[in-house]
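Residue-level listing of the chains:
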Amino acid sequence: MFASLLVVAIIGAIAWAGSAVGLGVLFGVVLPYVAVAAFFVGVIWRMVYWAKSPVPFAIPTTGGQERSLDFIKQAKWDCPTTTCGVVRRMFLEVVFFRSLFRNTCADVREFDEINNGPRTVYFSSKWLWVFSLLFHYCFLLVFIRHFRFFMDPVCPVITWIETIDGIMQVGTPRFYWTGGLLLCALLFLLARRVCNQRLRYISLPNDYFPLFLLIGIVGTGICLRYFDKTDIAQVKVFIMGLVHFAPVSADGINALFFVHLTLVSVLLMYIPFSKLMHMAGVFFSPTRNLPCNTREVRHVNPWNPPKQFYTYAEYEDAFRDAMAEAGLPLEKQPEKAAE
């Protein structure tokens, strides 16, 4: 955990120091272009790799009763046998995190009056589902809101989202609820990983690094808007220059902006090679995108290479003499024995 935090802090410090000594072109122009290119190339490469990976067996692993005899009730939402049912299951999973909603936690009670000893209990846990859903949708809205820096004129839909997001205006500039809720959701996910002893035991640096990276991005963004304010108009001119491949001077822009931009660039380069690629990988998961019809349809692997089958008659013709010497039963005796 501390190693991941240190890496993120070093990245931010390098960006801050580099922009202060006149390296704004490196952190504001070169790095974003490299990050965007690495993101698209990496995502396409991972998706092509997944699409070409063989699926030798139908392995849907969702719970519930598969379609069987007529008098046995089928779990149509979890074990659909049609393409329409699979699309419905995928929609609920991607949009509403249905499997996470049904998440349960296990705990061991030190003393139970019934069993007079320790007992394992299971109970529903909805907090992870709530904050995960909150994080993903707030992140999506913040991402869409930032498109105002890449468009001129701004799309009316983005303006409408900004109005709804800041409808409960607090102070000046207007407070956007998605930014605050996004930070709260990230802090909850971090606290859950740190405070839960079992989860902390199995956590790796690649679990903490994206959390600290996202917290750094959200934190610097909030600071740029409400505390250490920067010239939004100048930032938009700078970003529009990047969009049109005609970079403009970065003089006068707050150094914290380059820290924010650098962390975003690192996140873009990190996504294709990390667990964050689940945003695309969920659609390629054979445990989710295959219908549960293994009792009705034989699943033939289309990637199977052509094979030359060796029949028993051919095998016996090739090894008949050796089999006869070993005393093995034969369908046809060797020629010498027959004579």
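Please refer to the structure placed before this passage.
Residues numbered from 1 in each chain as written. Predicted model: local features only at pLDDT ≥ 70, side-chain atom pairs only at ≥ 80, totals over all residues. Heavy atoms only, no water.

Caption draft 1: Spotlight on the overall build of the protein. For the protein, the helix and strand inventory stands at 15 helices and two strands. Computed over C-alpha atoms, the radius of gyration of the protein comes to 29 Å, more than 25% over the 20 Å expected from 2.2 N^0.38 for 339 residues, which places it beyond the range of a compact globule. Judged by the C-alpha coordinates and their principal axes, the protein covers about 105 × 65 × 40 Å. Across the 339 residues of the protein, 35% fall into the buried class. For the protein, the share of sequence-separated contacts (at least 6 apart) that also reach a separation of at least 24 residues comes to 63%. Surface exposure of the protein reaches about 21,800 Å², of which carbon and sulfur atoms provide 68%. Computed over 30 positive and 24 negative side-chain charges, the separation of the two mean positions in the protein equals 10 Å. (Helix = DSSP H or I, 4+ residues; strand = E, 2+ residues; numbered from the N terminus. Rg over C-alpha atoms; globule rule 2.2 N^0.38 Å. Buried < 20%, exposed > 50% of the residue type's maximum accessible area, 1.4 Å probe, protein only. Contact = heavy atoms within 4.5 Å. Areas by Shrake-Rupley, 256 points an atom, 1.4 Å probe, with all protein chains shown as cover. Lys, Arg positive; Asp, Glu negative; His and termini not counted. Charge placed at Lys NZ, Arg CZ, Asp CG, Glu CD.)

Caption draft 2: Representation of the side chain of Glu162 in the model. Residue placement: Glu162 occurs in helix α6 (residues 156-165). Leave out the neighbours within four places in its chain, and Glu162 touches Arg145, Arg148, Arg174 and Tyr176.

Caption draft 3: Representation of a nonpolar patch on the surface. On the surface, a cluster of nonpolar side chains totalling about 600 Å² of accessible area is made up of Tyr137, Phe139, Leu140, Phe143, Phe147, Phe150 and Val243. Looking at the nonpolar patch, the element that brings in the most residues is helix α5 (residues 127-145), giving four residues. In this structure, Phe147 sits in the loop between α5 and α6. Judged by its relative accessible area of 31%, Phe147 falls in the partly exposed class. (Patch = residues over 30% accessible without salt bridge, like charges linked within 9 Å, V, L, I, M, F, W, Y side chains within 5 Å. Salt bridge = Lys/Arg side-chain N within 4 Å of Asp/Glu carboxyl O.)

Caption draft 4: Local environment of the packing of aromatic side chains. Inspection of the entire model under this criterion finds 21 aromatic pairs. Ring geometry for Phe175 versus Trp177: centroids 5.2 Å apart, planes at 85°, classification edge-to-face. Of the residues examined, Phe175 reaches a relative accessible area of 23% and is grouped as partly exposed. Judged by relative accessible area, which is 35%, Trp177 ranks as partly exposed. Between Tyr208 and Phe212, the aromatic rings sit 6.5 Å apart at their centres with planes inclined by 25°, giving stacked as the arrangement. Taken as a pair, Tyr208 and Phe212 lie in helix α9 (residues 205-227) at a separation of four residues, close to a single helical turn. The exposure class assigned to Tyr208 is buried, which follows from its relative accessible area of 4%. For Phe212, a relative accessible area of 10% translates into the label buried. Chaining the aromatic ring pairs together yields one cluster made of Tyr310, Tyr312, Tyr315 and Phe319. The ring of Trp77 has Arg88 sitting right over it, with the charged end atom 4.4 Å from the ring centre. One residue, Arg145, lies across the ring of Tyr176, its end atom 4.1 Å from the ring centre. (Phe/Tyr/Trp six-rings, centres within 6.5 Å; stacked < 30°, edge-to-face > 60°. Lys NZ or Arg CZ within 6 Å of the ring centre and 35° of its normal.)

Caption draft 5: Just helix α3 (residues 83-96), in detail. In a regular helix each residue adds 1.5 Å, so 14 residues correspond to 20 Å; α3 covers 19 Å between its end C-alpha atoms and thus fits that length. Among the residues of α3, Gly85, Val86, Arg89, Met90, Leu92 and Glu93 are the ones counted as buried. Viewed end-on, α3 has its buried residues packed into an arc of 160°, placing them on one side of the element. Pointing more than 90 degrees away from the buried face of α3 are the exposed residues Thr83, Cys84 and Val87. Considering only its buried residues, α3 is in contact with α4 (98-101) and α13 (286-289). Trailing α3 by a residue or two, Phe97 shows a phi angle of about 50°, which is positive. (Expected span 1.5 Å × (residues − 1). Arc of directions from axis to C-beta.)

Caption draft 6: Quick look at helix α11 (residues 255-270). End to end, α11 covers 23 Å across 16 residues, agreeing with the expected 22 Å (1.5 Å per residue, within 8%). For α11, the capping residue at the N-terminal end is Asn254, with a side-chain oxygen 3.0 Å from the backbone nitrogen of Leu256. (Polar contact = N/O pair within 3.5 Å; in protein donor to acceptor, adjacent residues only side chain to side chain.)

Caption draft 7: Region of the structure containing the pattern of salt bridges. By the definition in use, this model includes 10 salt bridges. Residue Asp78 pairs with Arg98 through a salt bridge whose shortest N-O separation is 2.6 Å. Here Asp78, found in the loop between α2 (24-52) and α3, pairs with Arg98, found in helix α4; they are 20 residues apart in sequence, far enough to count as distant. Its salt-bridge partner being Arg193, residue Asp207 comes within 3.8 Å of it at the nearest N-O pair. Of this pair, Asp207 sits in helix α9 while Arg193 sits in helix α7 (residues 177-195); the two residues are 14 residues apart in sequence, bridging distant segments of the chain. Arg193 shares its class with Asp207; the two are buried. Among the ionic contacts, a cluster of salt bridges with common partners joins Asp78, Arg98 and Arg102.

Caption draft 8: Region of the structure containing unusual backbone geometry. Residue Pro153 is reached from Asp152 by a cis peptide bond, and omega for that bond is 5°. By the element assignment, Pro153 lies in the loop between α5 and α6. Its identity is not glycine, yet Phe97 carries a phi of approximately 50°, on the positive side. Its location among the elements puts Phe97 in the loop between α3 and α4.

Caption draft 9: Region of the structure containing the packing of α9 against α11. At a minimum axis separation of 9 Å, α9 and α11 run at an interaxial angle of 150°. In terms of orientation, α9 and α11 fall into the roughly antiparallel class. Considering only the axes of α9 and α11, their crossing is left-handed. Within the contact between the two elements, α9 uses Asn206, Phe209, Pro210, Leu213, Leu214, Gly216, Ile217, Thr220, Gly221, Cys223 and Leu224 and α11 uses Leu256, Phe257, Val259, His260, Leu263, Val264, Val266, Leu267 and Tyr270. Looking at the contact of α9 with α11, its residues break down into 15 nonpolar, five polar and no charged. (Axes fitted to C-alpha atoms, helices over the stretch in contact; angles between N-to-C directions. Parallel < 35°, antiparallel > 145°, perpendicular 65-115°, else oblique. Left-handed = near helix turned anticlockwise from the far one by under 90°. Nonpolar A, V, L, I, M, F, W, Y, C, P; charged D, E, K, R; others polar.)

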